Amino acid sequence: FNVLSVADASDGNKRLHGEGGKVEVTVGYENMVEGYKYTIWGQMLTPSGQSRGIFAAIPEFAPSTKAGEVTLVFDIPSGLDGTSVTPSVGIYHQNRVEIREDGNLIWLLDAPKPVMIASDTDLDNEALMIEVGVPFGQHEYAADN
């Protein structure tokens, strides 16, 4: 289970406008049980690993093949101009987790372990980062040109 690509949904590049937008995160999976219900859930993190409170999920994912790809769509709000975000995505037993109204995921207290099957978080991989707006410290330079 691993994150394969991260891109601006509108044009496929690695940068969003400062007003935000949608980011597509494609995840590859293998060794899955066909027809079994999983939950795929992710969040956007800063390069230092802090959550931005931006979540995306496929609450009931039942693969038709043991291996394949699936895409999560994150809605990046305005207000993050000058920052970068990167996804952390996991796959869970669907009947052992719940997605709260705010989009965050919680583990059910009486759920058998393990709850998470696999995850992928790579804070050092710049190919999996999205820059939002003008990078921090370049605002004056961009205004002059």
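Residues numbered from 1 in each chain as written. Predicted model: local features only at pLDDT ≥ 70, side-chain atom pairs only at ≥ 80, totals over all residues. Heavy atoms only, no water.

A closer look at the overall build of the chain
Quick reminder of the rule: Here a helix means four or more residues in a row that DSSP labels H or I, a strand means two or more in a row labelled E, and each is numbered from the N terminus. Burial status follows relative accessibility: with a 1.4 Å probe on protein chains alone, a residue under 20% of its type maximum counts as buried, one over 50% as exposed, and anything between as partly exposed. Only heavy atoms matter for contacts: two residues are in contact if any of them lie within 4.5 Å across the pair. Every accessible area reported is derived by Shrake-Rupley at a probe size of 1.4 Å, with residue values counting cover from the shown protein chains alone. In this tally, Asp and Glu contribute negative charge and Lys and Arg positive charge; neither His nor the terminal groups of the chain are included. For the purpose of locating charges, the reference atoms are NZ of Lys, CZ of Arg, CG of Asp and CD of Glu.
From N to C terminus, the chain includes one helix and 11 strands. Along the first, second and third principal axes, the C-alpha atoms of the chain reach 55 × 30 × 25 Å. Per-residue burial over the chain gives 39% buried out of 145 residues. Considering only contacts in the chain between residues 6 or more positions apart, those separated by 24 or more positions represent 70%. With the model as given, the accessible surface of the chain reaches about 8100 Å², and the carbon-plus-sulfur share is 48%. Both charge centroids of the chain, one from 9 positive and one from 21 negative side chains, sit 9 Å from each other.

A word on the sheet that holds strand β1 (residues 2–8)
So the rule is basically this: Only strands joined by at least two bridges in the DSSP assignment are considered to pair. Here an axis means a line fitted to C-alpha atoms, over the contact stretch when the element is a helix, while the angle between two N-to-C directions is reported on a 0 to 180 degree scale.
The strand order across the open sheet formed by three strands is β1-β3-β6, and the pairing between neighbours is antiparallel. Among the strands making up the open sheet, the edge pair consists of β1 and β6 (68–76). Direction aside, neighbouring strands of the sheet carry axes that sit 20 degrees apart on average.

Some remarks on the environment of Ser-10
With respect to the secondary-structure elements, Ser-10 resides in the loop between β1 and β2 (15–16). Classification of Ser-10 as exposed rests on a relative accessible area of 64%. The spacing of Ser-10 and Gly-21 is 11 residues in sequence and 8.0 Å in space, taken between C-alpha atoms.

Some words on the pairing of strand β7 (residues 83–93)
Taking burial as the measure, the 11 residues of β7 include nine buried ones, the bulk of the element. Taken together, the eight bridges between strand β4 (residues 38–45) and β7 define a ladder with antiparallel strand orientation. Its bridge partner lying in β7, Ile-40 is registered against Ile-91. Of the pairings in the sheet, the one linking β7 to strand β11 (residues 130–132) comprises three bridges and is antiparallel in character. Along β11, the bridge assignment pairs Thr-83 with Val-132.

Some thoughts on the nonpolar core
The condition is simple: Throughout, nonpolar core names a set of buried Ala, Val, Leu, Ile, Met, Phe, Trp, Tyr and Cys residues whose side chains join them through atoms within 4.5 Å.
With 26 residues, the main nonpolar core has Val-23, Val-25, Ile-40, Met-44, Phe-74 and Ile-76 as its most contacted residues. Secondary structure elements with two or more residues in this core: β1, β3 (21–29), β4, β5 (51–61), β6, β7 and β11. Ignoring sequence-local partners within four residues, the contact set of Ile-76 consists of Leu-16, Glu-19, Gly-20, Gly-21, Val-23, Met-44, Ile-54 and Val-132. Core analysis: the next-biggest nonpolar cluster, separate from the first, contains seven residues, Trp-41, Phe-55, Tyr-92 and Leu-105 among them.

Focus: the packing of aromatic side chains
Geometrically, a pair of aromatic rings is defined through the distance of the ring centres and the angle of the planes. Heads up, the rule is: Only rings of Phe, Tyr and Trp enter the pairing, Trp through its six-membered ring, and a pair is recorded when the two centres are within 6.5 Å. The plane angle decides the type: under 30 degrees is stacked, over 60 is edge-to-face, the rest tilted.
A complete count under the given rule lists three aromatic pairs for this structure. Residues Tyr-36 and Tyr-38 carry aromatic rings whose centres are separated by 4.8 Å and whose planes lie at 65 degrees to one another, so their mutual orientation is edge-to-face. Owing to a relative accessible area of 29%, Tyr-36 belongs among the partly exposed residues under this scheme. According to the relative accessible area criterion, Tyr-38 is buried, its value standing at 5%.

Details of unusual backbone geometry
Residues other than glycine predominantly adopt negative phi, and peptide bonds predominantly adopt the trans conformation. A cis geometry characterises the amide bond from Lys-113 onward to Pro-114, with omega recorded as 0 degrees. You will see that Asn-31, though not glycine, has its phi angle at about 60 degrees, which is positive. Counting through the fold element by element, Asn-31 comes out in the loop between β3 and β4. The exposed category is assigned to Asn-31, whose relative accessible area is 68%.

Quick look at the side chain of Thr-86
Here is the rule we go by: Polar contacts here mean pairs of N or O atoms no more than 3.5 Å apart (in protein, one a potential hydrogen donor and the other a potential acceptor; neighbouring residues in sequence count only if both atoms are side-chain atoms).
Along the chain, Thr-86 turns up in strand β7. Polar side-chain contacts of Thr-86 include one of 3.0 Å to the backbone oxygen of Leu-128. Apart from the residues lying within four places of it in its own chain, the contact partners of Thr-86 are Gln-43, Met-44, Leu-45, Thr-46, Asp-122, Leu-123, Leu-128 and Met-129.

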